[in-house]
Amino acid sequence: MDFNARMGFLLFLCFLSLLVQPNTSTLQTYIIQLHPHGLITSVFDSKLQWHLSFLEQSLSAEEDSSSRLLYSYSNAMEGFAAQLSETELEYLKRLPDVVAVREDRKYQIQTTYSHKFLGLSVGTQGLRQKSSMGQGAIVGVLDTGVWPESPSFSDSKMPPVPQKWRGACQEGQDFNSSNCNRKLIGAKFFIKGHHVASSLPSDVAQEYVSPRDSHGHGTHTSSTAAGASVADASVFGNGAGVAQGMAPGAHIAVYKVCWFSGCYSSDIVAAMDSAIRDGVDILSLSLGGFPLPFFDDSIAIGSFRAMQHGISVVCAAGNNGPIQSSVANVAPWITTIGAGTLDRRFPAIIRLSNGEAIYGESMYPGNKFKQATKELEVVYLTGGQMGGELCLKGSLPREKVQGKMVVCDRGVNGRSEKGQIVKESGGAAMILANSEINLEEDLVDVHVLPATLIGFAEANRLKAYINTTSNPKARIQFGGTVIGRSRAPSVAQFSSRGPSLSNPSTLKPDVIAPGVNIIAAWPQNLGPTGLPEDSRRSNFTVMSGTSMACPHVSGITALIHSAHPKWTPAAIKSAIMTTADVTDHFGKQILDGNKPADVFAMGAGHVNPTKAIDPGLVYDIKPYEYIIHLCALGYTHSEIFIITHMNVSCHKILQMNKGFTLNYPSISVIFKHGTTSKMVSRRLTNVGSTNSIYEVKVTAPEGVRVRVKPRRLVFKHVNQSLNYKVWFMSEKGKEGRKVRFTEGDLTWIHCENSKYKVRSPIVVTWKN
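Residues numbered from 1 in each chain as written. Predicted model: local features only at pLDDT ≥ 70, side-chain atom pairs only at ≥ 80, totals over all residues. Heavy atoms only, no water.

Taking an unreviewed UniProt entry as the reference, the protein chain is identified by name as Subtilisin-like protease SBT1.2 belonging to Cucumis sativus. According to the UniProt record, the Function (unreviewed entry) comment for the protein chain reads "Required for arbuscular mycorrhiza (AM) development during AM symbiosis with AM fungi (e.g. Glomeromycota intraradices)." Regarding the protein chain, the UniProt comment filed under Subcellular location (unreviewed entry) reads as follows: "Secreted, Extracellular space, Apoplast". (UniProt positions renumbered as here; feature names shortened; annotations may be inferred.)

See below:
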């Protein structure tokens, strides 16, 4: 008997058993864990098909088993989540390879769910309570402006504006001083650089010449950092719950520097200059480009000055991953943020007419419209010169796509824009297909028509189905919001990677933070896709990018600043880095695609705000030490002056500071040709408790011997600083090896209070 016949026989037996014992009980959701090396996995084309086969055996023959599947897992565990009756569950439990069955636990879904994912508890012991939810801190956001009427900027229960605030609410087009309040305490716009560098195209709607947001990006990032709590928030029902920024008690000052053609450095420097004068505590810049030398980087230069004034500067690492050495904003006085994922998904599964299922994700509110789940003919237009496979404007002949589900490859134009082009061409639905560059990355959008995005492997399956089927048809099943069932965090595919081209002596990015499918505030003048044709309106939408990760850390920085107002920017950064997580919520290594993430992808790890507020020890850096560092890097007198506005003699400085290494929380060692040993020094300051003793634990990078002296640090009082040195010795023959870098870590552990674990990632690079 072949496999299909055996499966048919099993289904027949199942059907008979269900006829004898009718399914009258209500359905409940269960998580079914399977043996990772199941007996019959090899007979299926995909894990998803294997998972569905268990449902096919458990349900009645006329029941669509795929409609019961909520989620398919293959990383954190092998198995799936499905809705079953008690009778079906009892039958399924007895099937081979079923390891365990667990009733689904109820989660309180949060719209800006990242604050809950990060452990920012609302309980009395939470980080927010220790920091008064960020009260007193002022976060300055350089971006596209703000939509002040958004409920995320309500000042209900906010304390008065801090006395130190010297900013203003600049009036302009559709924006006056009454648009500011105790939450949004300042708003300015900087347009001169943009104005002289560009002219407005006739087909582009006029932007607001004011702090008002025409694009949505600035509203989104500002609310992520410090937005007020908003109940009953959602994007057309998806991600429903309470929306809240990282530091809901902090104040926001907005500096509009980005316009339709981009963000000009002249405007950026002007805004930074104003922000320093105004009295912000944190500067959040979800901006940047390609790596530049510090002396040629306006953000690096402006942020050096901000740092000197005690202002923490937090910047996005860039969205040019997974390309190596693509990380931007790498000055050591900047906190550089890469992007990670959440364990929240928005399943939108494609059900093919042959019974197969292809997993996808979408925030199109399809479960509200019956028409959205209708079975349609699937078309994929290839071979032409018009870009039909990419769904470019003018590439989809109406006679070929009218009323059909159109497959669009990612690339060239925007994801939501492809959907609009499909809609204008008469298409009824869209499947966005990842390319080999995007792999299995799931970025959701609030599409203008029924649509879902699928990974690269699933895209290949779909295209094979289309090519081998005479009349390919499919429907999309929208599954709403699912939380807690997927492995996270992992590194976002698009997140820019190290090592830094301009400064490989400092490991960048510093940390990663939530940056994929982040829901936050949105202007009422825009549809949730941001497309001019999108007439829908919502107070919230979803976005992805290191632009979204950056304000998460800006808000967390505000929380720490509020709890420890005397800490320097370097101390706050150290607290964030040395307490970062290197394992996911299942206790396994953080992944980058299907492999463990390395230090160039995630830096010190994924931000853990609950630990960061009480790190035990910090690596502090005095502003003058950055100048010694620049001298050690070989920057010239004139280049250092450009960055610091200080006249220095590097010859004298290096003579006085022999063997100097920057007191950075991570350690990057470079063995140039012929070098086999290096020594670095570090200084730790006790911010924990008196009479604290720490012992060191080292995981040596492969091919390197590591020696630390002393191996024990005894702190007698708070704010005491102690030094230690680390020697790195390259093993013979490693210089010419193919693997150019290895990594490890160095952790100081409190002898009595093991909650204090002060970890520094180590990366060793051989340069031939």
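Draft legend 1. Spatial organisation of the sheet that holds strand S25 (residues 511–514). Strand order in the open sheet formed by seven strands is S6-S9-S5-S12-S13-S14-S25, and the pairing between neighbours is parallel. At either margin of the open sheet sits one strand with a lone partner, and together these are strand S6 (184–189) and S25. The average angle at which neighbouring strand axes cross in this sheet is 25 degrees, direction not considered. Sheet topology places strand S5 (residues 138–143) next to strand S9 (residues 251–256); six bridges connect them, and they run parallel. By the bridge assignment, Val141 is partnered in S9 with Val254. (Pairing = 2+ DSSP bridges. Helix = DSSP H or I, 4+ residues; strand = E, 2+ residues; numbered from the N terminus. Axes fitted to C-alpha atoms, helices over the stretch in contact; angles between N-to-C directions.)

Draft legend 2. Representation of the sheet that holds strand S35 (residues 712–715) within the structure. Read from one edge of the open sheet, five strands run S31-S38-S37-S33-S35, paired in mixed fashion. Where the open sheet ends on each side, the last strands, each with one partner, are strand S31 (667–672) and S35. In this sheet, neighbouring strand axes are inclined to one another by 20 degrees on average, regardless of whether the strands run parallel or antiparallel.

Draft legend 3. Here's a closer look at helix H9 (residues 298–308). Of all the 11 residues making up H9, nine are buried; the element is thus mostly covered by neighbouring parts of the structure. Tucked inside the fold, the buried residues of H9 contact helix H8 (265–278), strand S12 (282–285), strand S13 (312–316), helix H14 (569–578), helix H17 (623–633) and helix H18 (637–644). With a side-chain oxygen lying 3.0 Å from the backbone nitrogen of Ile299, the N-terminal cap of H9 falls on Asp297. Once H9 finishes, Gly310 follows within two positions and takes phi at roughly 80 degrees, a positive value. (Buried < 20%, exposed > 50% of the residue type's maximum accessible area, 1.4 Å probe, protein only. Contact = heavy atoms within 4.5 Å. Polar contact = N/O pair within 3.5 Å; in protein donor to acceptor, adjacent residues only side chain to side chain.)

Draft legend 4. Main features of the packing of H9 against H17. Running from N to C, H9 and H17 cross one another at 145 degrees; their axes reach a closest spacing of 9 Å. Residues Phe304, Met307 and Gln308 of H9 lie in contact with H17, whose contacting residues are Pro623, Tyr626 and Ile627. Grouping the amino acids of the contact of H9 with H17 by side-chain chemistry returns five nonpolar, one polar and no charged. (Nonpolar A, V, L, I, M, F, W, Y, C, P; charged D, E, K, R; others polar.)

Draft legend 5. Seen up close, the pattern of salt bridges. On inspection of all chains with the given rule, the structure shows 26 salt bridges. Between Arg182 and Asp155 there is a salt bridge, and its shortest N-O distance comes to 3.7 Å. Highlighted residues: Arg182 in the loop between S5 and S6 and Asp155 in the loop between S5 and S6, separated in sequence by 27 residues. By relative accessible area, which is 33% here, Arg182 ends up partly exposed. For Lys463, the salt bridge is made with Asp409, and the minimal N-O distance between the two is 2.8 Å. (Salt bridge = Lys/Arg side-chain N within 4 Å of Asp/Glu carboxyl O.)

Draft legend 6. Inspection of the nonpolar core at higher detail. The biggest cluster of nonpolar side chains holds 96 residues, and the ones touching the most others in it are Leu142, Tyr255, Val280, Leu283, Leu285, Phe294 and Trp333. Counting residues per element, this core draws most heavily on helix H13 (residues 546–563), at seven residues. In this structure, this core is formed jointly by two domains, domain 2 (114–343 + 499–582) and domain 4 (616–621 + 662–766), each of which donates at least three residues. For Trp333, the contacting residues outside a window of four places in its chain are Phe294, Ala300, Ser303, Phe304, Met307, Val313, Lys573, Tyr626, Leu630 and Ile643. (Core = buried A, V, L, I, M, F, W, Y, C linked by side-chain atoms within 4.5 Å. Domains from an automatic or database assignment.)

Draft legend 7. Representation of the pairing of strand S14 (residues 335–340) in the model. Most of S14 is tucked away: six of the six residues are buried. Bridging between S13 and S14 involves three bridges; their strand directions are parallel. Bridging from a neighbouring strand, Ala316 pairs with Ile337 of S14. Strand direction decides the pairing type here: S14 and S25, joined by four bridges, are parallel. Each residue of the ladder has a partner; that of Gly338, found in S25, is Ile512.

Draft legend 8. Spotlight on the packing of aromatic side chains. Under the counting rule described, the total for this entry stands at 14 aromatic pairs. Ring centres of Trp333 and Tyr626 lie 5.6 Å apart, and the angle between their planes is 80 degrees; this geometry places the pair in the edge-to-face category. Taken together, the residues Trp333 in the loop between S13 and S14 and Tyr626 in helix H17 connect sequence positions 293 residues apart. Like Tyr626, Trp333 is buried. Here Tyr724 and Trp748 contribute two aromatic rings whose centre-to-centre distance is 5.0 Å and whose plane-to-plane angle is 65 degrees, an arrangement assigned as edge-to-face. Note that Tyr724 is positioned in strand S36 (residues 721–730) and Trp748 in strand S37 (residues 741–750), a separation of 24 residues in sequence. Considered together, Tyr724 and Trp748 belong to a single accessibility category, that of buried residues. The structure contains a cluster of three or more aromatic residues connected by ring pairs, namely Phe294, Phe295, Phe304, Trp333, Tyr626 and Tyr635. We note Arg212 situated over the ring of Trp147; from NZ or CZ to the ring centre the distance is 4.5 Å. (Phe/Tyr/Trp six-rings, centres within 6.5 Å; stacked < 30°, edge-to-face > 60°. Lys NZ or Arg CZ within 6 Å of the ring centre and 35° of its normal.)

Draft legend 9. View of H18. Turning to H18, its buried residues number three or more, namely Glu639, Ile640, Ile643 and Thr644. Seen end-on, H18 carries its buried residues on one side only, within an arc spanning 115 degrees. Where H18 is buried, its residues touch H9, H17 and helix H19 (650–656). A positive backbone phi angle near 60 degrees is found at His645, which sits one or two residues after H18. (Arc of directions from axis to C-beta.)

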